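# Topology and contacts: notes
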Amino acid sequence: MRIGFWQFRPRFGAAAHNLRQAREALSGVAADLLVLPELAFTGYHFRDRAELMALAEDPAASPTVEGLSGLCRENGFHLVTGFAERKGDKVYNSALLIGPEGLVATYRKLHLFNTEKEFFDPGDLPLRVVEVAGARIGMMVCFDWAFPEVARTLTLRGAQVLCHPSNLVLSGYCQQAMLTRCLENRVYAVTANRFGADVRPHGTLRFTGRSQIVAPGGVLLVRAPAQRRRLEVVEIDPATADDKAITPRNDLLADRRPEFYA
Ligand code: ACM
């Protein structure tokens, strides 16, 4: 299976422009599954909830989702992308799994970061595992890295690959933590971060790049530079993630003692 990320610099509030960027960069890429950053088409640094609401889209009637589905059809791959998802009067910081057949699955960020709490509704969907191109994948978004329960729950539900759209603003913590998530769960993780800045009248927010792909055991397969566009695709065997043995006598899932965790 060929999985990868596309690290780029979205332009704030310019979904059609960002979709064109994605089409130019990803057409012709030989991959099964590509992960894009959090809020990849709207940008991140909203002035207020009203501005977010105006930029967010309902995936059921979204030119962005339609355009990405077409890109998947033309290239035979699936995408996981961050997405500002509007549903009625709610708005979620979501990750969408999109394929040639259109929208396949939605995850809504459970752990909102800092001022996101003022703008977004907190996620309200269970953590789900979905089969894509022969692998079982789970989705999480950015700050979910700080809650080991997310990666562990997805692992317990069978995930082999964690797809992790991000807009990281703190330098290095997440990348380091995801090595541990992959060590303690023996899964793959693709963290797709953006770079550049959202320069807005109410302030500038800078993003830290360094997207990465990690293998079971916490092995770093590839990491992007901090402030450059980067597409990376690697070949993996998702079945490697089914072996949870860490010593001949220790299995990371079978050895758990949940009766002591409550
Ligand atoms: C983040 O959750 N975007 C830091």
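Just above, that's the structure.
Computed from a predicted model, the values in this text were never measured in an experiment.

Parameters and conventions
- Residues numbered from 1 in each chain as written.
- Predicted model: local features only at pLDDT ≥ 70, side-chain atom pairs only at ≥ 80, totals over all residues.
- Heavy atoms only, no water.
- Axes fitted to C-alpha atoms, helices over the stretch in contact; angles between N-to-C directions.
- Helix = DSSP H or I, 4+ residues; strand = E, 2+ residues; numbered from the N terminus.
- Parallel < 35°, antiparallel > 145°, perpendicular 65-115°, else oblique.
- Contact = heavy atoms within 4.5 Å.
- Nonpolar A, V, L, I, M, F, W, Y, C, P; charged D, E, K, R; others polar.
- Pairing = 2+ DSSP bridges.
- Phe/Tyr/Trp six-rings, centres within 6.5 Å; stacked < 30°, edge-to-face > 60°.
- Lys NZ or Arg CZ within 6 Å of the ring centre and 35° of its normal.

### Examining the packing of helix H1 (residues 15-26) against helix H3 (residues 63-75)
- Axis separation between H1 and H3 bottoms out at 10 Å; the angle between their running directions is 10°. As far as their axial angle goes, H3 and H1 are roughly parallel. For the pair H1 and H3, contact is made by Ala-15, Leu-19, Ala-22, Arg-23 and Leu-26 and by Pro-63, Thr-64, Gly-67, Leu-68, Gly-70, Leu-71, Glu-74 and Asn-75, respectively.
- A per-class count over the contact of H1 with H3 returns seven nonpolar, four polar and two charged.

### So, the pairing of strand S13 (residues 219-223)
- Sheet topology places strand S12 (residues 212-215) next to S13; four bridges connect them, and they run antiparallel. Across the sheet, Val-214 pairs through a bridge with Leu-220, a residue of S13.
- Hairpin connection of S12 to S13: three residues between the antiparallel strands, including Gly-217 at a positive phi of 90°.

### Remarks on the packing of aromatic side chains
- Counted by the stated rule, this structure contains seven aromatic pairs.
- Counting every residue linked through ring pairs, the aromatic cluster contains Phe-113, Phe-143, Trp-145 and Phe-147.
- Looking at Arg-108, its charged tip hangs above the ring of Tyr-92, at a distance of 4.0 Å from the centre.
- Above the ring of Phe-12, the side-chain terminus of Arg-200 is found at 3.9 Å from the ring centroid.

The values are spatial; any link to function lies outside them.
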